Number of protein chains: 2
Amino acid sequence: MSVEFAKVLMEPAYRKVATAIGARILSRALREGERLPPETELARQFGVNRSTVREALRELESRGLLQRRPGSKLMSVSRPPQAAIAQGVRHALLLHDVSVRDVWEALTMLEPPLAQIAARVRTTADLECIRAAAQAFAAHNAVTGQAVQHTAEVFRCIGRATHNPVLGLAQEPLLQLLEPSLRVMIDQVPQARARIATAHRRLVEALEAQDEAAAHSWMGRHIKDFSRGYQLAGIGLETHVTADADTP
Amino acid sequence: MSVEFAKVLMEPAYRKVATAIGARILSRALREGERLPPETELARQFGVNRSTVREALRELESRGLLQRRPGSKLMSVSRPPQAAIAQGVRHALLLHDVSVRDVWEALTMLEPPLAQIAARVRTTADLECIRAAAQAFAAHNAVTGQAVQHTAEVFRCIGRATHNPVLGLAQEPLLQLLEPSLRVMIDQVPQARARIATAHRRLVEALEAQDEAAAHSWMGRHIKDFSRGYQLAGIGLETHVTADADTP
DNA sequence: GGTTGCCGGTTTGTCCGACAATCATACGAT
DNA sequence: ATCGTATGATTGTCGGACAAACCGGCAACC
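These numbers come from a predicted model, not from an experiment.

A. A look at the protein's contact with DNA strand C. Surrounding DNA strand C, one finds 18 residues, the nearest of these being Glu-39 and Arg-50 of chain A together with Ala-13, Asn-49 and Thr-52 of chain B. The sugar and phosphate moieties of DNA strand C supply 65% of its atoms located within 4 Å of the protein. The backbone of Ala-13 of chain B places a nitrogen or oxygen atom 2.3 Å from a phosphate oxygen of DNA strand C. Broken down by secondary-structure element, the contributors of at least two residues to the surface near DNA strand C are helix H3 (50–62) of chain A together with helix H1 (13–26) and helix H3 (50–62) of chain B. By residue number, the principal contributor to the surface near DNA strand C is H3 of chain B, which donates 3 residues. When its residues are assigned to classes, the surface near DNA strand C shows 6 nonpolar, 5 polar and 7 charged.

Structure below.
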């Protein structure tokens, strides 16, 4: 027997309330879209003050488990939208001082097999989405900001085409983190736009033909091209990724 | 010109306060470990009530940007710990009804190159950590829960050995999601423990020798073995991953 | 008929004030 | 020197309060 005592844990009430509601959501007792009772009612049920309930709601809200539907005052249950989660991951990685190399390395690992899977399981609608995004890049890449956005959008469409939410959620923060440096790179390397457009064309062709090997290969080159672009733009791979505007 | 008006956005005060403090943290104006002023002081500075400040703090706290250091009442700035972020991602994926296949597919893509990188850049300390984890699995795998924990721990050590926070953060939620099904699998497939132990041995050998190809290959087999285990255990790959206890 | 204006009830956002519990610190007693 | 205590600061929680926004319905009006 140990003479050590377990650390007594005093959980504040607002946290208990938050975990209680959160557990209900996670266990599907509260289903997606369902509306929560008003705050006063929750306060009555939990036997705490409304202020306490509100603190709990803020916590769940920031995790994306609750959101307020436009035009409704009552909170409703929601599956956390990808954007919310990705932002959390992005902030975490920002504060952990990840370098451009770290993000790029992850993309190198992630994207080619992702494209390969997309080539296998994509639907016609997916293909149309990807084609539209590539088209958008080709047509409107004069403004650097738009070029970056469309580049990311192509990745997102390909991610969705895998029909695997895990992959989409994994790549989203990486895209967001790379955005600022990508902006600089596209801005400073003249041939970047053309090379990206070419990669898009090849990728679309491979996805059309459901040619897994080609999709894998071209995505690999696409990502690898980024590192060359960084070199040309004078962006060191050890540069820490920087915070970007949160509300573009 | 369109006659449409932009949707007027009414941001509540607690959100403004939260984003204000959050921006300071992200911009490094508030550095890691730094302590925030007391709530009353914050309320005075922002010109709002303390209750409002508290709601904002709950939000930042749940994102891991703030935490209370044990024994201190004042909030202090913190980089979000991996566990917190991973839990957020896990909850999101749970609510998005990801299947075992989805998670396994992501691991298939992620882990082999991850092991490869680890083989390249691992330090002696990393190796020691991995070896210890594998050793722990070999020695204490009788209880299913421990076996699962140690299996995950080996992955985590290998992830850390890449010295790329992005990869560690990417794999953590996957490990957590796989845990419940892995528990069932290890429990029901007699030869699972031995096969995992073998994989660990091979991986340690490859990492010792810094043999990238072998590390990649053995990790691939290790992951692939999981799917065979699922088959033997009668776990359909289309099964949705289930919520697990949050506080093990 | 469709639009407009008004009314009452509900709910949130925000504020105020209050108090117990906890912790830090200093100070005094043994 | 160790212990106990007073004191102040800070959080957790509470109760109540009020304005603003929103909803539904109903009357009035073109």
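B. Broad picture of the pattern of salt bridges. All names here are of chain A. Scanning all chains against the criterion turns up 48 salt bridges over all chains. The residue Arg-160 makes a salt bridge to Glu-153 at a minimum N-O spacing of 3.5 Å. Taking relative accessible area as the criterion, Arg-160 reaches 47% and is therefore assigned partly exposed. What makes Glu-153 partly exposed here is its relative accessible area of 29%.

C. Layout of the protein's contact with DNA strand D. Ala-13, Asn-49, Thr-52 and Gly-71 of chain A together with Arg-50 of chain B are the nearest of the 17 residues found near DNA strand D. Near-protein atoms of DNA strand D (within 4 Å) split between backbone and bases, with sugar and phosphate holding 69%. The backbone of Asn-49 of chain A places a nitrogen or oxygen atom 2.7 Å from a phosphate oxygen of DNA strand D. For the surface near DNA strand D, the secondary-structure elements that each account for two or more residues are helix H1 (13–26) and H3 of chain A together with H3 of chain B. Across the surface near DNA strand D, the residue classes break down as 6 nonpolar, 4 polar and 7 charged.

D. Structural detail: the interface of chain A and chain B. Taken together, the contacts link 46 residues of chain A with 46 residues of chain B. In total, about 4,200 Å² of surface goes out of reach between chain A and chain B, with carbon and sulfur atoms giving 65% of it. Counting the contacts that link chain A with chain B gives 10 salt bridges. A salt bridge links Arg-54 of chain A to Glu-55 of chain B, with the shortest nitrogen-to-oxygen separation between them at 2.8 Å.

E. Just the side chain of Asp-102 of chain A, in detail. With respect to the helices, strands and loops of the structure, Asp-102 of chain A is situated in helix H5 (residues 100–121). Despite being buried, Asp-102 of chain A has no salt bridge partner; Arg-101 of chain A is the closest side chain of opposite charge, sitting 6.2 Å away. Ignoring any residue separated from it by four or fewer positions in sequence, one finds Asp-102 of chain A in contact with His-163, Asn-164, Pro-165 and Val-166 of chain B.

F. Expanded view of the packing of H1 of chain B against H3 of chain B. Residues and elements named next belong to chain B. Between H1 and H3, whose axes approach to 8 Å, the crossing angle comes to 50°. Considered as vectors, H1 and H3 are oriented oblique to each other. Viewed along their axes, H1 and H3 form a crossing whose handedness is right-handed. Here Ala-13, Tyr-14, Arg-15, Val-17, Ala-18, Ile-21 and Gly-22 of H1 lie close against H3, whose contacting residues are Thr-52, Glu-55, Ala-56, Leu-57, Glu-59 and Leu-60.

G. Molecular detail of the packing of aromatic side chains. For the structure on display, the rule yields 2 aromatic pairs over all chains. Its end group placed over the ring of Trp-218 of chain A, Arg-221 of chain A keeps NZ or CZ at 4.4 Å from the ring centre.

H. Molecular detail of the relation of the copies chain A and chain B. When chain A is brought onto chain B, the operation consists of a screw motion whose angular component is 180° and whose axial shift is 0.0 Å, with 0.0 Å RMSD remaining. Both chain copies can therefore be described as sitting about a two-fold axis.

I. Fine view of the environment of Leu-57 of chain B. Residues and elements named next belong to chain B. Position of Leu-57 among the secondary structure elements: in helix H3. For Leu-57, a relative accessible area of 2% translates into the label buried. In the structure, Leu-57 is positioned 40 residues away from Val-17 in sequence and 8.6 Å away in space, judged by C-alpha atoms. Sequence-distant contacts of Leu-57, defined by excluding residues within four places in its chain, comprise Ile-21, Leu-36, Glu-39, Leu-42 and Leu-66.

J. Empty space enclosed by the protein, seen in detail. Under the counting rule described, the total for this entry stands at 3 cavities of 30 Å³ or more. Approximately 300 Å³ is the volume found for the largest cavity. Looking at the largest cavity, it is lined by 23 residues, and the ones nearest its centre are Leu-169 and Ala-170 of chain A together with Leu-169, Ala-170 and Pro-173 of chain B. Put simply, the parts of the chain that give the lining of the largest cavity at least two residues each are helix H4 (82–95), H5 and helix H8 (165–188) of chain A together with helix H4 (82–95), helix H5 (100–121) and helix H8 (165–188) of chain B. For the lining of the largest cavity, the class distribution of residues is 23 nonpolar, no polar and no charged.

Conventions adopted
Residues numbered from 1 in each chain as written. Chains lettered and ligands numbered in written order. Predicted model: local features only at pLDDT ≥ 70, side-chain atom pairs only at ≥ 80, totals over all residues. Heavy atoms only, no water. Near = heavy atom within 4 Å. Polar contact = N/O pair within 3.5 Å; in protein donor to acceptor, adjacent residues only side chain to side chain. Helix = DSSP H or I, 4+ residues; strand = E, 2+ residues; numbered from the N terminus. Nonpolar A, V, L, I, M, F, W, Y, C, P; charged D, E, K, R; others polar. Salt bridge = Lys/Arg side-chain N within 4 Å of Asp/Glu carboxyl O. Buried < 20%, exposed > 50% of the residue type's maximum accessible area, 1.4 Å probe, protein only. Contact = heavy atoms within 4.5 Å. Buried area = accessible area lost by both parts, 1.4 Å probe. Lys, Arg positive; Asp, Glu negative; His and termini not counted. Axes fitted to C-alpha atoms, helices over the stretch in contact; angles between N-to-C directions. Parallel < 35°, antiparallel > 145°, perpendicular 65-115°, else oblique. Left-handed = near helix turned anticlockwise from the far one by under 90°. Phe/Tyr/Trp six-rings, centres within 6.5 Å; stacked < 30°, edge-to-face > 60°. Lys NZ or Arg CZ within 6 Å of the ring centre and 35° of its normal. Least-squares fit on C-alpha atoms with pLDDT ≥ 70 in both. 1 Å grid on protein atoms, 1.4 Å probe; cavity = no way out; pocket = protein on both sides within 12 Å on 5 of 7 lines; lining within 4 Å. Points joined across faces, edges and corners; volume = space filled by probe spheres on them.

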